[in-house]
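The chain contents come next:
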Amino acid sequence: MNMTSQQLIDEILEMASVVEAILDKCMDMKIPKDKLEELENKVNQFHIKIDDDSFKYIALKQPHARDLRIALSMMKINAQLERVADEAYNLRRYYNELQITPSAIKTLHDQVKKMIRGAIDALVTNNTYQATEVIKSDRYANELNREIMKEYVEKMKNNEMSFDEGLSGIRVAKNLERIGDLSTNIAEDVIFIVSGSDIRHQSQLKEQK
Amino acid sequence: MREWHLKYRKLKNIVFHMALVFAACAVIIPLFMVIQYVMIKGFNSLNWDFFTQIPKPVGEVGGGMKHAIIGTFIIVGLAGSFAIPLGIICGAYLSEYGRGKIAALLRLSTDVLTGIPSIVIGIFAYLLVVVPLKQFSTLAGALALSIIILPVVIRSTEEILKLVPRHIREAGLALGLPRWKMIFFIVIKGSRSGLITGVILAISRAAGETAPLLFTSFGNMYYSTSLTNPIASLPVQIYTYAISPFDDWQRQAWAGALVLIILVLGLNLISRLIMNRQQLGFGRRK
Amino acid sequence: MTETDNTVLNVKNLNVWYGDFHAVKGISLEYQRNTISAIIGPSGCGKSTYLRCLNRIHEETPGARAEGEILFQGENILSKMVDPVRVRRSIGMVFQKPNPFPGMSIYDNVVVGLKLQGIKKKNILMEHAEKCLQKAALWEEVKDKLNRPGMSLSGGQQQRLCIARSLAVSPPILLMDEPTSALDPIATAKIEELMSELKKEVTVIIVTHNMQQAARIADNTSFFVLGDLIEHGLSEEIFTNPKNKKTEDYISGKFG
């Protein structure tokens, strides 16, 4: 077995491009469902392969220091990417229920697309500054989510919107917000790889909840 | 109290050190005294004539030992050319195939042979060669010396070859070499300098033997290189001159002794140089 | 296990005794072309004894007796009818202690196997020496001093020289008996690095007391204990999910 840590990263990057494609297309109703299903299956295959490869890499190559951090982080990023794909794939059903799409949802969509792109770029370039920016921008995603929730709840109270549509809209926003959270997790893992520091659960970088 | 123990220990060390130095001097000093004495007595007689002329008729002054010097080279050379290859092969046999009855017998014979007085070896050569040929000869002398050289070469060859570690031999076999090629081209070839040293030491010993030559090659006052006639040799010539009543001959005996010492010492020094050069050349870099 | 076209060596029921001591007990293993197979196990488990039978070097140890079959290129090389010299030209060996031949230069060491087989032409020998030294990752370090004595190199370089020397006679199989156990970690790493290139041309069977080394470089691993074959298979299975409890214990460092 001749695996290197760089090959594990390359596999994650391949998986990420498929996940980003699903995220991009999940709100485009012109694209047929089975196309998305195909991409989702690819993601699942990556999910299994990358965990297996990381496991074997650690068992056989006894990596240390950075290589070890990479192997462990790839397993975590693997799980996070798979959940992003899941959330994106699942929100399509609820998005379908919406008569009109408020601009806030579109903005939130763009925001989380940016966040995941940023986290993956930070992984490629070992850029902890970029990773930190991603983590900071989660605040904005959370704000957008709260706005959408407020708006929809208001509209449902005033009977301007049906319950079905209202709840679907809140659901879509929630999924997108979770994708933002997952991107933040990926960025934290990138910082762990580069600097060896575990910065999770530190309040300076995240908004007060 | 402790201080006294320390001083006592230091004193013991010094006393022991001085005893060793004294023992070393007891060995070195006589050697230098002998060399110095022979040099004083013989150096003035070392001239061109000594090396290029044969003896003058009895009573006349002058002449040299050219015939004896060359005679020694011939006898020792002949003895060596027989004993050295045989000795190396037997030594190799003992080191490479050294188990079993034949090897044990060979080792026993070699050991016994080293212990036989050289004059007895001379008698043996006399019976074997001088009696049938009805005269003294170079061949007889060479036979006697070869019997002296042989066991020394066998023993030193076996010891040197045994120094080659087992895994070197296995590495040679692992390359797909038949055993004889491995022994010859790797073990023996790789022990070249050690083997040469052993050979040189054996030769230098044989070059100084007198007793066995007295009744085999016998000695000759004339220059001869014939194999079936008596031939002069340095040790015998020195002996002949030394017990003679002539002053000139005794002077030349000292010169001959000096030449013999230089020859033997020279061979010893050369063999040391060879060993040292090997060690320097093959020193392990870390 | 059935023999496939890719099998290059097939050991069947090998038993070895040293006098009365039963050192290797009925081991059968197959080796595929262009793979690296490692043998691991605690000291005294018969790994080296087993390996030494594969090129019949065990015959150099007095009292050693082997029975069974070792099939190579269609014949049983263990048989008395087969000349061990011929076997060893196809199955080479690198030993634990680096052993360049004394009194020979670096160049002489590499070509000695070829020269003594009768190849005399200087340019062929030189070309071959360069190729083998490159395969052993030593060429760059010695190309300017081929005439220096083999023993003037460092330990790691000497071992690579021995590898080059074994490769010079072009054996399809190379046996390695703990080749890095006498070397420092950097020299060890250099030799492990060259193994992955090496296996493209040669099949390697390596005995190692260091199981991490087996995990790093070997495609297949066999685990021996006291002369028995406990488990064998792909390294990535043995080291992640072994089937036998003894294997699991050994790999987790619980014994040995």
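A brief report on the enclosed structure follows. (Residues numbered from 1 in each chain as written. Chains lettered and ligands numbered in written order. Predicted model: local features only at pLDDT ≥ 70, side-chain atom pairs only at ≥ 80, totals over all residues.)

1. What about the overall build of chain C?
Heads up, the rule is: Elements are defined by DSSP. Helices are runs of H or I of four residues or more, strands are runs of E of two residues or more, and each kind is numbered from the N terminus. We take the radius of gyration over the C-alpha atoms and set the globule estimate at 2.2 Å times the residue count to the 0.38 power. Each residue is classified by how many other C-beta atoms fall within 10 Å of its C-beta atom, where C-beta atoms are placed from the backbone; a count of 20 or more means buried, 12 or fewer means exposed, and values in between mean partly exposed.
For chain C, the count of helices and strands is 10 helices and 10 strands. Here the C-alpha atoms of chain C give a radius of gyration of 18 Å, agreeing with the 18 Å that 2.2 N^0.38 yields for 256 residues. Along the first, second and third principal axes, the C-alpha atoms of chain C reach 55 × 45 × 35 Å. Across the 256 residues of chain C, 48% fall into the buried class.

2. Examining the overall build of chain A
Here is the rule we go by: Once C-beta atoms are placed from the backbone, any two residues with those atoms within 7 Å are in contact.
Regarding its fold elements, chain A presents 6 helices and 0 strands. Helices (α) and strands (β) of chain A occur, in sequence order from the N terminus, as α-α-α-α-α-α. Here chain A has a C-alpha radius of gyration of 18 Å; the compact-globule value for 209 residues is 17 Å, and the two agree. Expressed as a percentage of the 209 residues in chain A, the buried residues total 37%. A sequence separation of at least 24 residues applies to 81% of the contacts in chain A between residues at least 6 apart.

3. Digging into the interface of chain B and chain C
As a reminder, the rule being used: Three classes are used, and their members are as follows: Ala, Val, Leu, Ile, Met, Phe, Trp, Tyr, Cys and Pro are nonpolar, Asp, Glu, Lys and Arg are charged, and the others, Gly among them, are polar.
Taken together, the contact pairs 21 residues of chain B with 23 residues of chain C. Counting residues per element, the ones that place at least two in the side of chain B that touches chain C are α7 (166–174) and α8 (179–190) of chain B. Ranked by the residues each element gives to the side of chain B that touches chain C, the list is headed by α7 of chain B, at 6 residues. Of the residues contributing to the side of chain B that touches chain C, the split by class is 10 nonpolar, 4 polar and 7 charged.

4. A short note on helix α5 (residues 128–157) of chain A
How we decide: Expected span of a helix: the number of residues minus one, times 1.5 Å.
Taking 1.5 Å of rise per residue, the 30 residues of α5 of chain A would be expected to cover 44 Å, and the 44 Å separating its terminal C-alpha atoms lies within 8% of that figure. For α5 of chain A, the complete set of buried residues consists of Ala131, Val134, Ile135, Asp138, Ala141, Leu144, Asn145, Ile148 and Tyr152 of chain A.

5. What about the interface of chain C and chain A?
Opposite the 8 residues of chain C that make contact, chain A presents 8 residues. Elements with a contribution of two residues or more to the side of chain C that touches chain A: α8 (211–217) and α9 (235–238) of chain C. Sort the elements by how many residues they give to the side of chain C that touches chain A and α8 of chain C lands first, with 3 residues. Looking at the side of chain C that touches chain A residue by residue, the classes come out as 2 nonpolar, 4 polar and 2 charged.

6. Focus on the sheet that holds strand β1 (residues 7–18) of chain C
Residue and element names in this part refer to chain C. The line we're drawing: What makes two strands pair is DSSP finding at least two bridges between them.
Taken together, 4 strands build an open sheet; the order of strands is β2-β1-β4-β5 and the sheet is antiparallel. A single partner strand is all that each edge strand has here, and the edge strands are β2 (21–32) and β5 (75–76). With 7 bridges connecting them, β1 and strand β4 (residues 64–72) associate as antiparallel partners. For Asn15, the partnering residue across the bridge sits in β4 and is Glu67.

7. Quick word on the nonpolar core
Convention followed: A set of buried residues qualifies as a nonpolar core if it consists of Ala, Val, Leu, Ile, Met, Phe, Trp, Tyr and Cys joined through C-beta atoms within 7 Å.
Counting 193 residues, the largest nonpolar core has Ala119 of chain A, Ile149 and Val153 of chain B together with Ala164 of chain C as the members making the most contacts within it. At 15 residues, helix α6 (residues 138–162) of chain B tops the list of elements feeding residues into this core. Look past the residues within four positions of Ala164 of chain C in its chain and what remains in contact with it is Val110, Cys132, Leu133, Lys135, Ala136 and Leu138 of chain C.

8. Some words on the sheet that holds strand β3 (residues 36–40) of chain C
Residue and element names in this part refer to chain C. Short version of the rule: Angles here are taken between N-to-C directions and fall from 0 to 180 degrees, while the axes themselves are lines fitted to C-alpha atoms, restricted in helices to the stretch in contact.
Spatial strand order, β6-β7-β8-β3-β9-β10: 6 strands in an open sheet with mixed pairing. The sheet is open, and its two edges are formed by β6 (91–94) and β10 (228–234), each paired on a single side. Adjacent strand axes in the sheet meet at a mean angle of 15 degrees, parallel and antiparallel pairs treated alike. Looking at chain direction, strand β9 (residues 220–225) and β10 are connected through 6 bridges and run antiparallel. By the bridge assignment for β10, Thr221 is matched with Gly233. Sitting on the sheet, helix α1 (residues 47–54) is in contact with β3, β6, β7 (173–177), β8 (203–207) and β9, with an inclination near 150 degrees to β8.

9. Things to note about the pairing of β9 of chain C
Residue and element names in this part refer to chain C. The buried fraction of β9 is high, at 6 of 6 residues. Burial of β9 is two-sided: the residues Asn220, Ser222 and Phe224 facing one way and the residues Thr221, Phe223 and Val225 facing the other way are all buried. As paired strands, β3 and β9 are joined by 4 bridges and run parallel to one another. Looking across to β9, one finds that Ala38 is bridged to Thr221. The loop that links β9 with its antiparallel partner β10 comprises 2 residues; one of these, Leu226, has a positive phi angle of about 50 degrees.

10. What about the pairing of β8 of chain C?
Residues and elements named next belong to chain C. Let me state the cut-off plainly: The handedness of a crossover follows from its direction of travel: if, with the strands pointing away from the viewer, the path from the first strand over the helix to the second runs clockwise, the crossover is right-handed.
Of all 5 residues in β8, 5 are buried; the element is thus mostly enclosed. Both faces of β8 are covered, namely the face carrying Thr203, Ile205 and Val207 and the face carrying Val204 and Ile206. Alignment of β7 against β8, held across 5 bridges, turns out to be parallel. Paired with Asp177 across the strands is Val207, a residue of β8. Note on the crossover from β7 through helix α7 (residues 185–198) to β8: the handedness is right-handed.

11. Considering the packing of α6 of chain B against helix α9 (residues 192–207) of chain B
Residue and element names in this part refer to chain B. Stated precisely, the cut-off is as follows: The cut-offs work like this: below 35 degrees is roughly parallel, past 145 is roughly antiparallel, 65 to 115 is roughly perpendicular, and the gaps in between are oblique. Rotating anticlockwise by less than a right angle from the far helix to the near helix defines a left-handed crossing, while the corresponding clockwise rotation defines a right-handed one.
Two elements in contact, α6 and α9, have axes whose closest approach is 9 Å; the angle formed by their N-to-C orientations is 155 degrees. Considered as vectors, α6 and α9 are oriented roughly antiparallel to each other. The two elements α6 and α9 cross, and the hand of that crossing is right-handed. Note on element contacts: α9 touches α6 through Gly194, Leu195, Gly198, Val199, Ala202, Ile203, Arg205 and Ala206, opposite Leu145, Ile148, Ile149, Val152, Val153, Ser156, Thr157 and Ile160. For the contact of α6 with α9, a count of residues per class yields 11 nonpolar, 4 polar and 1 charged.

12. Structural notes on the environment of Thr72 of chain B
Within the fold, Thr72 of chain B resides in helix α3 (residues 66–96). Sequence separation between Thr72 of chain B and Ile35 of chain B is 37 residues, and the spatial gap between their C-alpha atoms is 21 Å.

13. Describing the environment of Ser224 of chain B
Tracing the backbone through its elements, the reader meets Ser224 of chain B in the loop between α10 (211–214) and α11 (234–242). Aside from chain neighbours lying at most four places away, what touches Ser224 of chain B is Asn229 and Ile231 of chain B.

14. Quick notes on unusual backbone geometry
Residue and element names in this part refer to chain C. With a phi close to 55 degrees, Asn34 is a non-glycine residue in the positive phi region. The topology assignment puts Asn34 in the loop between β2 and β3. Overall, the presence of 15 C-beta atoms within 10 Å leaves Asn34 in the partly exposed class.

15. Examining the arrangement of the chains
Take the 2 pairs of chains in contact: the one carrying the most contacts is chains B and C. With no contact formed, the shortest span from any C-alpha in chain A to any C-alpha in chain B equals 28 Å.

16. A short note on the packing of helix α1 (residues 5–25) of chain A against helix α3 (residues 65–95) of chain A
A pair of packed helices can be characterised by two numbers: the angle between their axes and the separation between those axes. Residues and elements named next belong to chain A. For the pair α1 and α3, the least separation of the axes is 10 Å and the interaxial angle reads 10 degrees. With respect to their mutual orientation, α1 and α3 come out roughly parallel. For the pair α1 and α3, the crossing hand works out as left-handed. Between α1 and α3, the contacting residues are Ser5, Leu8, Ile9, Ile12, Met15, Ala16, Val19, Ile22 and Leu23 on the first element and Asp67, Ile70, Ala71, Met74, Ile77, Asn78, Leu81, Val84, Ala85, Ala88 and Tyr89 on the second. Here the contact of α1 with α3 is composed, by residue class, of 17 nonpolar, 2 polar and 1 charged.

Function-wise, these values are silent; they only describe arrangement.
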